[in-house]
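Chains, contacts and geometry: an overview
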Amino acid sequence: MSATLIDGTSIAAEVRGEVGEVVAEMRNKHGIAPGLAVVLIGDDPASAVYVRMKERAAIEAGMVSETINLPADTPQEEALAVVQRLNEDARYHGILVQLPLPDQIDEDTVIQSINPDKDVDGLHPFNMGLLMAGKPRFIPATPAGIQQMLLRTGNDPSGKHVVVCGRSNIVGKPIMNLLMQRQDGANATVSVCHTRTRDLATMTRQADILIAAVGSPQMITADMVREDVVVIDVGVNRVDAPERRRGYRLVGDVDFDAVAEKAAAITPVPGGVGPMTIAMLLQNTMNAARWSIHPDLR
Ligand code: GUN
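Residue numbers run consecutively from 1 along every chain, following the written order of its sequence. Residues qualify for local features only when their pLDDT is at least 70, as the model is predicted, and side-chain atom pairs are given and counted only at 80 or more; totals for whole chains, interfaces and linings, by contrast, use all residues. Only hydrogens and water are set aside; all other atoms, that is, all heavy atoms of the structure, feed into the side-chain values.

1. Remarks on the nonpolar core
Cut-off, in case you're wondering: Remark: nonpolar core denotes a set of buried residues (Ala, Val, Leu, Ile, Met, Phe, Trp, Tyr, Cys) joined through side-chain atoms within 4.5 Å. Buried means the residue's accessible area, taken with a 1.4 Å probe over protein chains only, is under 20% of the maximum for its type, while exposed means over 50%, and partly exposed covers the values in between. Put simply, DSSP marks the helices as runs of H or I at least four residues long and the strands as runs of E at least two long, and each gets a number from the N terminus on. We call two residues in contact when some of their heavy atoms are within 4.5 Å.
Formed by 50 residues in total, the largest nonpolar core has its most connected members in Ile 146, Ile 211, Ile 232 and Val 234. Considering every element that reaches this core, the biggest residue donor is helix α10 (residues 273-293), with 11 residues. When sequence neighbours within four positions are dropped, the list of residues in contact with Ile 146 reads Val 171, Ile 175, Ile 211, Ile 232, Val 234 and Val 273. Listed in part, the 19 residues of the second largest apolar core include Val 39, Ala 79, Leu 86 and Ile 111.

2. Remarks on the packing of aromatic side chains
How we decide: Side-chain rings of Phe, Tyr and Trp, where Trp is taken by its six-membered ring, are said to pair if the distance between their centres is within 6.5 Å; with planes under 30 degrees apart they count as stacked, over 60 as edge-to-face, and otherwise as tilted. In this analysis the charged atom, NZ for Lys or CZ for Arg, is taken to sit over a ring once it is within 6 Å of the ring centre and within 35 degrees of the ring normal.
One pass over the full model with this rule turns up one aromatic pair. The lysine or arginine in question, Arg 238, covers the ring of Tyr 248, its NZ or CZ lying 4.1 Å from the ring centre.

3. Brief notes about helix α2 (residues 45-60)
Given 3.6 residues per helical turn, the α-helix brings residues three or four places apart onto the same face. This is how it is decided: Expected span of a helix, by definition, is 1.5 Å for each gap between consecutive residues, and there is one gap fewer than residues.
Taking 1.5 Å per residue as the helical rise, α2 with its 16 residues ought to reach 22 Å, and the 23 Å between its terminal C-alpha atoms agrees with that figure. Its buried side turned inward, α2 meets α1 (8-30), β2 (35-41), β3 (64-70), β4 (94-97) and α10. One or two residues past the end of α2 sits Gly 62, with phi positive at roughly 90°.

4. Details of the state of the cysteines
Rules: For this text, the term disulfide refers to a pair of cysteine sulfurs within 2.5 Å.
Under the counting rule described, the total for this entry stands at zero disulfides. Lacking any disulfide linkage, Cys 165 is separated from the closest cysteine sulfur, that of Cys 193, by 4.9 Å. For Cys 165, a relative accessible area of 2% puts it in the buried group. What makes Cys 193 buried here is its relative accessible area of 1%.

5. Notes on the sheet that holds strand β5 (residues 161-165)
The cut-off we apply is this: Pairing between strands is defined by DSSP: at least two bridges between the two strands are required. A fitted line through C-alpha atoms represents every axis, and for helices the fit uses only the stretch in contact; the resulting angles, taken between N-to-C directions, go from 0 to 180 degrees.
One open sheet accounts for six strands, arranged β1-β11-β8-β7-β5-β6; its pairing is parallel. Whereas interior strands pair on both sides, the edge strands pair on one side only; in this sheet they are β1 (4-5) and β6 (189-193). The pairing of strand β8 (residues 230-233) with strand β11 (residues 265-266) spans two bridges and is parallel. Looking at β11, one finds that Val 231 is bridged to Ile 266. Contacting β7 (209-212) and β8, helix α6 (residues 141-152) runs over the sheet at an angle of about 150° to β8. Sitting on the sheet, helix α7 (residues 172-180) touches β5, β6 and β7, and the angle it makes with β6 is about 165°.

6. Quick notes on the pattern of salt bridges
Convention followed: Counted as salt bridges are all cases of a side-chain nitrogen of Lys or Arg within 4 Å of a carboxyl oxygen of Asp or Glu.
With the rule as written, the count across this model stands at eight salt bridges. The salt bridge partner of Glu 60 is Arg 16, with a shortest N-O separation of 3.1 Å. Here Glu 60, found in helix α2, pairs with Arg 16, found in helix α1; they are 44 residues apart in sequence, far enough to count as distant.

7. As for the pairing of strand β9 (residues 237-240)
Judged by which residues are buried, β9 turns out to be one-sided: Asn 237 and Val 239 face inward and are buried, whereas Arg 238 and Asp 240, on the alternate face, are not. As paired strands, β9 and strand β10 (residues 248-251) are joined by four bridges and run antiparallel to one another. Residue Val 239 lies in a different strand from β10, and its bridge partner there is Arg 249.

8. Regarding the environment of Val 51
Inspection of the secondary structure puts Val 51 in helix α2. Overall, the relative accessible area of 3% leaves Val 51 in the buried class. Sequence-distant contacts of Val 51, defined by excluding residues within four places in its chain, comprise Val 38, Leu 40, Thr 67 and Gln 98.

9. Topic: the packing of α2 against α10
Helix packing geometry: the angle between the two helix axes and the distance between the axes. Heads up, the condition is: For classification purposes, angles smaller than 35 degrees are called roughly parallel, those larger than 145 roughly antiparallel, those between 65 and 115 roughly perpendicular, and all remaining angles oblique. Note: crossing handedness is left-handed where the near helix turns anticlockwise from the far helix by less than a right angle, and right-handed where it turns clockwise. Side-chain classes are defined by residue name, with Ala, Val, Leu, Ile, Met, Phe, Trp, Tyr, Cys and Pro counting as nonpolar, Asp, Glu, Lys and Arg as charged, and the others, Gly among them, as polar.
Where α2 meets α10, the closest approach of the two axes is 10 Å, and the angle between their N-to-C directions is 50°. Taken as axis vectors, α2 and α10 run oblique relative to one another. Here α2 and α10 pass one another in a crossing that is right-handed. In this structure, α2 uses Met 53, Lys 54, Ala 57 and Ala 58 to contact α10, whose residues at the interface are Ile 278, Leu 281 and Leu 282. Among the residues forming the contact of α2 with α10, the class breakdown is six nonpolar, no polar and one charged.

10. Focus: the site of the ligand
This is how the line gets drawn: Being near a molecule or strand, for a residue, means having at least one of its heavy atoms within 4 Å of it. Polar contacts, as used here, are pairs of N or O atoms within 3.5 Å; protein pairs need one atom able to donate a hydrogen and one able to accept it. Residues neighboring in sequence count only if both atoms are side-chain atoms. Note on areas: Shrake-Rupley with a 1.4 Å probe; residue coverage comes only from the protein chains shown.
The local shell around the ligand consists of Leu 96, Val 97, Gln 98, Leu 99, Asp 121 and Ile 170. Here a nitrogen atom of the ligand sits 2.8 Å away from a polar atom, N or O, in the main chain of Val 97. Separating a nitrogen atom of the ligand from a side-chain N or O atom of Gln 98 is a distance of 3.2 Å. Coverage of the ligand by the protein chains reaches 80% of its 280 Å² of free accessible surface. Grouping the constituent residues of the shell around the ligand by class yields four nonpolar, one polar and one charged.

11. A look at a nonpolar patch on the surface
Stated formally: Residues forming no salt bridge and having over 30% relative accessible area are the ones grouped into patches, like charges within 9 Å of each other and nonpolar side chains (Val, Leu, Ile, Met, Phe, Trp, Tyr) within 5 Å.
A contiguous nonpolar patch, built from Val 49, Tyr 50, Met 53 and Val 236 and spanning about 310 Å² of accessible area, is present on the exposed surface. Mapping Val 236 onto the fold places it in the loop between β8 and β9.

Here it is, written out as structure tokens:
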């Protein structure tokens, strides 16, 4: 492997340390501990793991955190009532409803019911609008984490061609808006590719920075990238691995071994984007608490 490994775990530890210091100061000076409420509906095992990691990380950073577990058949009205109660609960500065939701619950309706001042996921249309307008408040955690990984490894996107594969609300659209802004840490030329893109490889080969967020195991192959590209792999895909105790292993959207032979730098899966997402959620929660004391600092 010739690429430098972008170690998300250690960069996330750095960010979590910084957040922890601010939280300690908030507790000492203002007697306020940032609070994060996580709502988990249903029993998707992967979601349960993510939620547990988020709660644990919040507590480790000195925050207050609670997970509200609701059964898979929870009616939408009940989910909305839980969010409403959390909107009014002053202990919680941040609310996160883990996605995906069971079929009977409309994702948009739930997201729009969260008080935008507590929307630490940054998915409420109000916060998405602020990001698009170049006045971001809560930036969705995965795109925010990607930006930090790039900046903290000396890969400033300014002037670079960033090619994003995937157009989701949670990664593709916000990372496009984030990196194209006229702002420090951004100023990139961004192209977004998706399932209807004609000749995807011609696009991806033009990338200085390639961000793969398609949810398709090892879809980005070595012939699709140019030498010295910087690769950020957002994918977390389970593939069968009978030799493993769990019966599966995690792979990204990038064919890691082959692409690492050509790339200048690359994120691993696991241990790349995933830990950064948790770290940035904590940063958003810390900001939510801080802005609840000083709205003028937003
Ligand atoms: N499911 C997968 N990623 C995320 C995320 O960042 N936020 C929420 N709420 N759900 C998710």
